[in-house]
There are 4 protein chains.
Amino acid sequence: MSILLGDREYFKGIGKIPYEGPETDNPLAFRWYDENRVVGGKSMKEHLRFAIAYWHTFCGSGLDPFGGPTLFYPWDENSDAVARAKDKADAAFEFITKIGAPYYCFHDVDVVDYADDVRTNEKRLQTLTEYLAEKQKSSGVKLLWGTANLFSHHRYMNGASTNPDFQVVTHAGAQIKMALDATIALGGENYVFWGGREGYMTLLNTDMKREQEHFAQMLKMAVAYARKNGFKGKFFIEPKPCEPTKHQYDYDAATVIGFLRQHDLLDDFSLNLEVNHATLAGHTFQHELQVAADAGLLGSIDANRGDYQNGWDTDQFPNDLQEWTQAMLIILQANGLAGGGINFDAKRRRNSTDVADVFHAHIGGMDTVARALLIADKIRQNGEYDRIRQERYHSFDGGKGAEFEAGTLQLEDLFGLAADGGEPAMISGKQEYLENLINRFI
Amino acid sequence: MSILLGDREYFKGIGKIPYEGPETDNPLAFRWYDENRVVGGKSMKEHLRFAIAYWHTFCGSGLDPFGGPTLFYPWDENSDAVARAKDKADAAFEFITKIGAPYYCFHDVDVVDYADDVRTNEKRLQTLTEYLAEKQKSSGVKLLWGTANLFSHHRYMNGASTNPDFQVVTHAGAQIKMALDATIALGGENYVFWGGREGYMTLLNTDMKREQEHFAQMLKMAVAYARKNGFKGKFFIEPKPCEPTKHQYDYDAATVIGFLRQHDLLDDFSLNLEVNHATLAGHTFQHELQVAADAGLLGSIDANRGDYQNGWDTDQFPNDLQEWTQAMLIILQANGLAGGGINFDAKRRRNSTDVADVFHAHIGGMDTVARALLIADKIRQNGEYDRIRQERYHSFDGGKGAEFEAGTLQLEDLFGLAADGGEPAMISGKQEYLENLINRFI
Amino acid sequence: MSILLGDREYFKGIGKIPYEGPETDNPLAFRWYDENRVVGGKSMKEHLRFAIAYWHTFCGSGLDPFGGPTLFYPWDENSDAVARAKDKADAAFEFITKIGAPYYCFHDVDVVDYADDVRTNEKRLQTLTEYLAEKQKSSGVKLLWGTANLFSHHRYMNGASTNPDFQVVTHAGAQIKMALDATIALGGENYVFWGGREGYMTLLNTDMKREQEHFAQMLKMAVAYARKNGFKGKFFIEPKPCEPTKHQYDYDAATVIGFLRQHDLLDDFSLNLEVNHATLAGHTFQHELQVAADAGLLGSIDANRGDYQNGWDTDQFPNDLQEWTQAMLIILQANGLAGGGINFDAKRRRNSTDVADVFHAHIGGMDTVARALLIADKIRQNGEYDRIRQERYHSFDGGKGAEFEAGTLQLEDLFGLAADGGEPAMISGKQEYLENLINRFI
Amino acid sequence: MSILLGDREYFKGIGKIPYEGPETDNPLAFRWYDENRVVGGKSMKEHLRFAIAYWHTFCGSGLDPFGGPTLFYPWDENSDAVARAKDKADAAFEFITKIGAPYYCFHDVDVVDYADDVRTNEKRLQTLTEYLAEKQKSSGVKLLWGTANLFSHHRYMNGASTNPDFQVVTHAGAQIKMALDATIALGGENYVFWGGREGYMTLLNTDMKREQEHFAQMLKMAVAYARKNGFKGKFFIEPKPCEPTKHQYDYDAATVIGFLRQHDLLDDFSLNLEVNHATLAGHTFQHELQVAADAGLLGSIDANRGDYQNGWDTDQFPNDLQEWTQAMLIILQANGLAGGGINFDAKRRRNSTDVADVFHAHIGGMDTVARALLIADKIRQNGEYDRIRQERYHSFDGGKGAEFEAGTLQLEDLFGLAADGGEPAMISGKQEYLENLINRFI
Ligand SMILES: [Co+2]
Ligand SMILES: [Co+2]
Ligand SMILES: [Co+2]
Ligand SMILES: [Co+2]
Ligand SMILES: [Co+2]
Ligand SMILES: [Co+2]
Ligand SMILES: [Co+2]
Ligand SMILES: [Co+2]
């Protein structure tokens, strides 16, 4: 992939980020991510399918609940919304091609600022869609997924698809339609729903059942529309337990899977799992991956990390090798992500104000994930890790255990087997042994 | 209900707890729980169906992870297991009849200590079943539900129904069978599963999918056995996110409902919701009640409370009027608990070592719940609270909103309605207004 | 207090909020806050010294990390900063006099928008100070405390007084000086430090010791300047554990007290405790109050509440009667707040967009606190609550226990007393009894 | 160090754990801990001063709040308390010498079971002290610290030194005296206070101020007694926020330091910091280390780890390389631990029931810490990490910044400097750069 510049260069002094290997002391080089290196029969690039998130990386202002913007972008200066959006697209493709990511992701309003008129917005997005299509073609960068931002505008303060006011629901629908149109036009491989306002601020004013039925209804309409218009990709739901609302309906993987099953949406949907959302929900990232994998719904990943001492979505860049090693083990066992990739839904800290910081942030994240892939592959090559887990259940692989699994025993049979078999031997769970085994390969 | 004593009186100096009304300063009287008072057409007794938990109230030792027993019971002194169990039953029925609860609940090993031989245990439990049946008959006290303790014995350290060793699974099955036999023989109205070891300590050694399938298998076998033996009651699953294991499969209401739906168990099961388990899972108690109610699965309640500064299951007695008022609103809207009752899965603090303390604890809990019922009833009589919530969704009660609900609109229709309808008005969620409205009645 | 309007009325249709008593169904009346009602020898007004927070109530935009403004104010429309600020002051005094609060509080930038030039800002604030002085005089409303906002401007992204760049520290000092000038000119009774950026985002780049010494240095300079200029009031530090930074130095009451003692600042400072900051730090509000009271440093309160399922500063209005009853007991035992008052550092929800909502929010908060005062007073009149706690320690009121307290025993003496005295009796902590006792008065 | 066996071998089939280097696949060998390897001028053994905790490693039963013992020890079978204690000591020294730790730590009741008679206990502990002294001499193993268990016996249910009943306080004093005698006799290098019951279950029955004064009194008596009897070592306080009580007075490092300063105990005391206690208090381990180091009070470490999804003290063995690398950086910057060492206050999981598991657990922990030492040393050798942090504050190293630090500027001076100097440049905090820098060396 060669660098794609627009009219001007925005990230001056920084070129294409090269792979230089673990021994380099160049902070603007990859130490582990070597896109063409083959691991277990696939290139790193194919395994990881890294994507750059338009919103944090090109739109994030550094604003937080107690402070104003700290990040001021040269591509954000034109007073015309469409021209400004094109400048941003230029900057985006410059960054994406310099960092060497094969994919990007966006919300509608990341791509171009929306006005308060639906048809104006439609036109703006169409214009930018054409512009982005051109840039994709020139660079080879592809769209991993598109989505609609149904949480920032004040009209969504009480919900989008789950808003008690139907007129608001129509706006949610309109935005989804336009974002689907753009995604399809750009060859987007997937479409994501993250329902930041689809939940409640207080149960006191909420009919949760009715709101969730409305949400299911909207998902069905989106699928129908997209399929009708030729979209072959997956739909993803991204769980998050809370923030911005007190409680969001897409709380965690298990909740979303239950909802999809209830509303007969399992065929079209799978999950986009975010690390920080897992931990906010009281789970490890690995747990959420495993839940999704067990249901055959492991679709995509929003890579970042939270802060265990802070109770909000800090969306820091990934840097935890042990977490990612275990995550990669699960992903490899599941034969990879089904259709999705690894999108950096992560933002540099608001006080990381140097131009280079956004590169450091992504390089650190990409290297962490790539290194974890290499480690996980070695663990699987070694074989002991998978074997121990499998052998732990061998009593169900034959005999009465297998009959139990087949459903041919009755409770009275278990009684007899217990009474006659006597007290079982104690079998160690070997947790520390396994933890050491993992660390051996790091 | 008159007091039922055994050979000796265990709670000397304390008689039947009377209702004396809000103005009393007698700490051993009810101020709000007046069992025959009619509220919304039913007596308080019928609404609340209070149950006493055998384990905490008659077996709890005060032991914690850093300290030994502090509670020493006179009914715990006989060296013969069966005789000791009968003494305990005497104490239990003395307490239950003095406090005036219509129900009790137990695990198998609460009722009588188990040995390490299955058939011995069966005999012991049968003996005590007969003894308890006699006491039920004499007192009028009934069994709300029975259950098997599948978490305390060291054989369950790696799981019970989800243990990787089939021989352990047979023991789980044996205990369930015996506990079902006892529950059926005693006219128990329900049977509960709380899976304290049905989860994992580390994902590294766990095949979560296979373990959960084993769990579903066991539930099916239990239902089949019970139905065959004439049991007409409900089965409950009690969610809890963690503790004792790092992660339990029955994490919260949404997770359990998803599991029941996946394994086609919705007809026989509903939920037993515990306050402290809700808060450990990151939810309010009200949220869990509403999730269950929306699924038609609001079965029963384990009443207690947690400590928001402590991250474990403190199981304190309920005393939060605002929490219970909102809970009662949901229960009343759902037309009550389906088959279950309100069981005090709560323990006095380990330093509450006076004989009277266990009475104070239950009186405080019963009064809190009863008072909340009265408040919730007043709120519903007033009507404004229900009305505001209902009217909030009126745009779906007709016109295009109703068509949306009916599934007859397409995404393009929403687009058109949004574009033509323009920006919706901002409608207040009235949260503070509603919070004040609730507090007005407390 | 009569209503003070400016050129126009901003809260039309809402007049002076009257006290109507518990039975009223008027949502725009107080049910418990009756300012002249005498409780334990002081009027409610004197006990509670309610203050309105300029920032949330007149400046809060409803913006959150995932969404833009929802609250649009008619006083925010003038394009001239000073004229706009005067409009806001008019609105503020209209609200304050309608709600009937005797005090208000502000940050410098709440009162008037700051430009990027220090001397311009000084002039703006001086102009507004004169305007506010006039309004105070006309209305009788007083300034509980002033403060400088050292967290919102991007220059403070790495800290204010603790910034690694001295030039930023000078700006912090300049703002403090100007805010002190305004506070003194307005007869402000106290001055507050809340150090939202005085902490770290990562320890990796932080010299915590040096930063804290800088903070102490700034506090000393502020005290010296204020005393030189005639300020007789208290300085408060408001603890908060985190947010916006990962970790703030003024973590909780104990940490701040330790810091004040280390830097010899105990004479001039005491604490301003916020409910939501207590709970974010892992404490109850009552705990923080007690820690401060025990140190003789219970200065003032920022009244609000958090959400136990959300890990950020939700700053909701108080409505928990049980929490506030226990808080009031501690405040009454400490003979009240030393110099401070009860400031509503609380914001209506961002979807509470009706004009009346800000009244409902404050009425609910004021009524909750007032009602808690009445309950706490009744509990203290009853006397049993205080008596039980005092008697619990009677073994130290004389004999060897008193000698222990006096420091005249040695470890060997304790050994002898233990060996000879034998095993102590077990004495119940009576927790449930006491919890019931409190609830009896609610 | 050669293996020291007693009358029988307890850990059969496992010999001395050798160092075999990173490439070994022997799970019973060290891969990183090479005791004689010199790092920055000191051997690993001297840097780390590893200690084995008697309680978890030789006494831990596997009991948890929901389950009974799972770990059954062959040294626990003799019915005579003293003989049983000697067997345990034999097992302990066998393990300690096999694992190759230079130190151990104990509570009084770990060493020998206590009866309910003080003088009997004194005799038992003296007998075991002689026995242990002999074993120390034979093996070369030393006592890092001793302590008294003032939390497990039911008499301490309301506190030990802070108990409202003076007779209980005398027992605490008696135990401290005996534990000090043993520690001194065994050449123990330090003495620790962990106050598991020194806190409250409810504020409703607690005079926190009086209780804390009692605690300070006891600490002073212990110091006086120990110094009189020739003890030259350090006293440590080990902070923990809660568990077993709702709130413990030794909440975290800052709280304890404030308490020590208030009661003039800074000369004799420093801190023993536990990883899991740091995280339970809402801090990182690194934060607690830095707070102690900044106060010159970084004494010793209880090495373990918690579980971020579980809210109790899981006391798992350390295995987080990134956490320990940053910890080691702080320890090296502070010139090591002052007097203390690294004690494994960690327990294998209750289902780790193989004899080898306790070895795997310790090997994993020791290797993690040793590897982190090597990494931290490399980072310090490289120098960039320390340099960036230091240079960040250069504006205070001269000029007006230095005058500010010296206290010779006034607030008016800052105003002038701000106004004249204008808006400061924005300086990146370089967080991601530094995070990458650390990871480069892992
Ligand atoms: Co995301
Ligand atoms: Co996020
Ligand atoms: Co329960
Ligand atoms: Co519980
Ligand atoms: Co505040
Ligand atoms: Co706040
Ligand atoms: Co420890
Ligand atoms: Co611990």
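Please read these numbers as outputs of a predicted model, since none were measured by experiment.

Draft legend 1. Looking closely at the coordination of the cobalt ion (ligand 2). Donor atoms from the polypeptide that bind the cobalt ion (ligand 2) are A:Glu274 (OE), A:His277 (NE2), A:Asp313 (OD), A:Asp313 (OD) and A:Asp315 (OD), placed at 1.9 to 2.6 Å. Binding-site remark: the cobalt ion (ligand 2) is held by donors from one chain whose sequence spacing is E-x2-H-x35-D-x1-D.

Draft legend 2. The relation of the copies chain B and chain D, seen in detail. Mapping chain B onto chain D calls for a rotation angle of 180° and an axial translation of 0.0 Å; the resulting RMSD is 0.0 Å. Taken together, the rotation angle and the small translation identify this as a two-fold axis. Identified as the residue of chain B closest to the rotation axis by C-alpha distance is B:Gly311, at 1.9 Å. Most of the interface of chain B is mirrored in chain D, where 100% of its interface residues are also at the interface.

Draft legend 3. Structural detail: the packing of aromatic side chains. Applying the stated criterion to the full structure yields 133 aromatic pairs over all chains. Taking the centre distance of 5.2 Å and the plane angle of 70° together, the rings of A:Tyr191 and A:Phe193 count as edge-to-face. Taken individually, A:Tyr191 and A:Phe193 each receive the classification buried, so the pair is uniform in this respect. Ring geometry for D:Phe11 versus D:Trp75: centroids 5.6 Å apart, planes at 45°, classification tilted. Taken as a pair, D:Phe11 in the segment before β1 (38-39) and D:Trp75 in the loop between α2 (54-59) and α3 (81-99) lie far apart in primary sequence, 64 residues in all. In this structure, D:Phe11 and D:Trp75 share a single accessibility class: buried. Every member of this aromatic cluster is reached through a ring pair, and the members are A:Tyr10, A:Phe11, A:Tyr54, A:Phe58, A:Tyr73, A:Trp75, A:Phe93, A:Phe95, A:Tyr104, A:Phe106 and A:Phe359. In this structure, C:Lys177 packs its charged tip against the face of D:Phe415, placed 4.8 Å from the ring centre.

Draft legend 4. Quick look at the packing of helix α8 (residues 253-262) of chain C against helix α8 (residues 253-262) of chain D. Packing of α8(C) against α8(D) brings their axes to within 8 Å, and their N-to-C directions diverge by 40°. As the angle between them shows, α8(C) and α8(D) are arranged oblique. Judged by the twist between their axes, the crossing of α8(C) over α8(D) is left-handed. Taken together, the residues of α8(D) that come into contact with α8(C) (itself represented by C:Ala254, C:Thr255, C:Gly258, C:Arg261 and C:Gln262) are D:Ala254, D:Thr255, D:Gly258, D:Arg261 and D:Gln262. Across the contact of α8(C) with α8(D), the residue classes tally to 2 nonpolar, 6 polar and 2 charged.

Draft legend 5. The sheet that holds strand β4 (residues 103-107) of chain D, seen in detail. Residue and element names in this part refer to chain D. Spatially, β3-β4-β5-β6-β8-β10-β11-β12 is the arrangement adopted by the 8 strands of the closed barrel, whose pairing is parallel. Here the average twist between neighbouring strands, direction ignored, is 30°. Direction of pairing for strand β5 (residues 142-147) relative to strand β6 (residues 190-193): parallel, over a ladder of 2 bridges. Within β6, the position partnered with Gly146 by the bridge is Tyr191. Taken strand by strand, helix α10 (residues 285-294) contacts β10 (269-274) and β11 (298-302), and its axis lies near 170° from that of β10.

Draft legend 6. Seen up close, the interface of chain B and chain D. If you look at the interface, chain B gives 33 residues, while chain D gives 33 residues. In this assembly, chain B and chain D are joined by 4 salt bridges. The salt bridge partner of D:Arg197 is B:Asp64, with a shortest N-O separation of 2.9 Å. If you look at where chain B meets chain D, you find 16 residue pairs in polar contact (both at pLDDT 80 or more). Taken together, the residues of the side of chain B that touches chain D sort by class into 12 nonpolar, 12 polar and 9 charged.

Draft legend 7. Inspection of the UniProt feature "binding site: Mg(2+) 2" (unreviewed entry) in chain A at higher detail. In the numbering used here, UniProt assigns the feature "binding site: Mg(2+) 2" (unreviewed entry) to A:Glu274, A:His277, A:Asp313 and A:Asp315. Over a stretch of 42 residues, the named residues converge on one spot in the fold, their C-alpha atoms separated by at most 10.3 Å. Examined against the element boundaries, A:Asp313 turns out to sit in the loop between β11 (298-302) and α11 (321-333). A:Asp313 gets classed as buried once you look at its relative accessible area, which sits at 5%. Beyond its immediate stretch of four places on either side in the chain, A:Asp313 contacts A:Lys240, A:Glu243, A:Glu274, A:Asn276, A:His277, A:Leu280 and C:Phe66. Only 3.0 Å separates the side chain of A:Asp313 from the side chain of A:Lys240, close enough to count as a polar contact. Along the chain, A:Asp315 turns up in the loop between β11 and α11. If we ignore the near neighbours within four places in the chain, the residues touching A:Asp315 are A:His56, A:Glu274, A:Asn276, A:Asn304, A:Arg305, A:Asp345, A:Ala346, A:Lys347 and A:Arg349.

Draft legend 8. Molecular detail of α8(D). Residues and elements named next belong to chain D. With respect to burial, α8 is a largely interior element, 8 of its 10 residues being buried. Here α8 has its buried residues at Ala253, Ala254, Thr255, Val256, Ile257, Gly258, Phe259 and Leu260. Of the residues one or two after α8, Asp264 is the one with positive phi, at around 60°.

Draft legend 9. Up close: the coordination of the cobalt ion (ligand 4). Distances from the cobalt ion (ligand 4) to its protein donors, B:Glu274 (OE), B:His277 (NE2), B:Asp313 (OD), B:Asp313 (OD) and B:Asp315 (OD), fall at 2.0 to 2.6 Å. Counting along the primary sequence, the residues that act as donors to the cobalt ion (ligand 4) give the motif E-x2-H-x35-D-x1-D.

Draft legend 10. Highlighting the environment of C:Gly340. All names here are of chain C. With respect to the secondary-structure elements, Gly340 resides in the loop between α11 (321-333) and β12 (342-344). Separated by 107 residues in the primary sequence, Gly340 and Gly233 place their C-alpha atoms 9.5 Å from one another. Residues contacting Gly340, with those up to four places away along its chain left out, are Arg49, Leu144, Asn190, Phe236, Gly299 and Ser300.

Draft legend 11. Here's a closer look at the pattern of salt bridges. Residues and elements named next belong to chain A. Summed over the entire model, instances satisfying the criterion amount to 100 salt bridges over all chains. A salt bridge links Arg84 to Asp113, with the shortest nitrogen-to-oxygen separation between them at 2.4 Å. Here Arg84 is found in helix α3 (residues 81-99), whereas its partner Asp113 is found in the loop between α4 (108-111) and α5 (118-139), with 29 residues between them in sequence. Judged by its relative accessible area of 16%, Arg84 is buried.

Draft legend 12. Summary view of the environment of C:Tyr433. Examined against the element boundaries, C:Tyr433 turns out to sit in helix α16 (residues 431-440). Apart from residues no more than four positions distant in its own chain, C:Tyr433 is found in contact with B:Pro27, B:His360, C:Glu384 and C:Ile388. At 2.5 Å, the side chain of C:Tyr433 forms a polar contact with the side chain of C:Glu384.

Draft legend 13. Highlighting the pairing of β6(D). All names here are of chain D. Here β6 shows a buried face lined by Asn190 and Val192 and a second buried face lined by Tyr191 and Phe193. Following the chain from β5 across helix α6 (residues 166-185) to the adjacent parallel β6, one finds a crossover that is right-handed. The pairing of β6 with strand β8 (residues 234-237) spans 4 bridges and is parallel. Bridge pairing links Asn190 to Lys234 in β8.

Draft legend 14. Representation of the packing of helix α10 (residues 285-294) of chain B against helix α11 (residues 321-333) of chain B in the model. Residues and elements named next belong to chain B. Where α10 contacts α11, the two axes come as close as 9 Å, and the packing angle between them is 5°. Our classification of the angle between α10 and α11 gives roughly parallel. Each of Phe285, Gln286, Leu289, Gln290 and Ala293 in α10 lies in contact with α11, whose residues at this interface are Glu323, Trp324, Gln326, Ala327, Ile330 and Ile331. Partitioned by chemical class, the residues of the contact of α10 with α11 number 7 nonpolar, 3 polar and 1 charged.

Draft legend 15. Focus on the side chain of C:Gln309. As for its placement among the helices and strands, C:Gln309 is situated in the loop between β11 (298-302) and α11. Within the structure, C:Gln309 has its side chain in polar contact with the side chain of A:Lys246 (distance 2.9 Å). Look past the residues within four positions of C:Gln309 in its chain and what remains in contact with it is A:Cys242, A:Lys246, B:Thr279, B:Gly282, B:His283, B:Thr284 and B:Tyr308.

Quick notes on the rules
- Here the residue numbers are simple positions, counted from 1 along each chain's written sequence.
- By the order in which they are written, chains take letters starting at A while ligands take numbers starting at 1.
- Thresholds applied to this predicted model are a pLDDT of at least 70 for local features of residues and 80 or more for the giving and counting of side-chain atom pairs; totals over whole chains, interfaces and linings are not thresholded and use all residues.
- Values shown for side chains rest on all heavy atoms present in the structure; no hydrogens or waters enter the calculation.
- In this listing, donors mean N, O and S atoms no farther than 2.8 Å from the metal, or 3.2 Å for Na, K and Ca; water is missing from the atoms, so a site can look incomplete.
- Each copy is superposed on the other by least squares, with the fit set by C-alpha atoms of residues at a pLDDT of at least 70 in both.
- Residue contacts are defined here by distance: any two heavy atoms, one from each residue, within 4.5 Å place the two residues in contact.
- Ring geometry is summarised as follows: Phe, Tyr and Trp rings, the Trp one being its six-membered ring, pair when their centres sit within 6.5 Å, and such pairs are stacked at plane angles under 30 degrees, edge-to-face over 60 and tilted between the two.
- Working definition: with a 1.4 Å probe on protein chains only, accessible area under 20% of the residue-type maximum means buried, over 50% means exposed, and in between means partly exposed.
- Under the scheme used here, helices are H or I runs from DSSP no shorter than 4 residues and strands are E runs no shorter than 2 residues, and both carry numbers assigned from the N terminus.
- Counted as over-ring charges are cases with an Arg CZ or a Lys NZ within 6 Å of the ring centre that also lie within 35 degrees of the ring normal.
- Only the stretch in contact is used when fitting a helix axis, every axis being a line fitted to C-alpha atoms; angles between N-to-C directions are given from 0 to 180 degrees.
- Any angle from 65 to 115 degrees is called roughly perpendicular, while one under 35 is roughly parallel, one over 145 is roughly antiparallel, and all others are oblique.
- Handedness of a crossing is defined here by the sense of rotation of the near helix relative to the far one, left-handed for an anticlockwise turn of less than a right angle and right-handed for a clockwise turn.
- For this classification, the nonpolar set comprises Ala, Val, Leu, Ile, Met, Phe, Trp, Tyr, Cys and Pro, the charged set comprises Asp, Glu, Lys and Arg, and every other residue, Gly included, is treated as polar.
- One bridge is not enough; two strands pair if DSSP finds at least two bridges between them.
- We count a salt bridge whenever a side-chain nitrogen from Lys or Arg sits within 4 Å of a carboxyl oxygen from Asp or Glu.
- N or O atoms closer than or at 3.5 Å make up a polar contact, with two conditions inside protein: a donor-capable atom paired with an acceptor-capable one, and, for residues adjacent in sequence, both atoms drawn from side chains.
- UniProt positions are given in the numbering used here, feature names are shortened, and annotations may be inferred rather than shown by experiment.
- Crossovers are marked right-handed if the path from the first strand over the helix to the second runs clockwise, as seen with the strands pointing away from the viewer.

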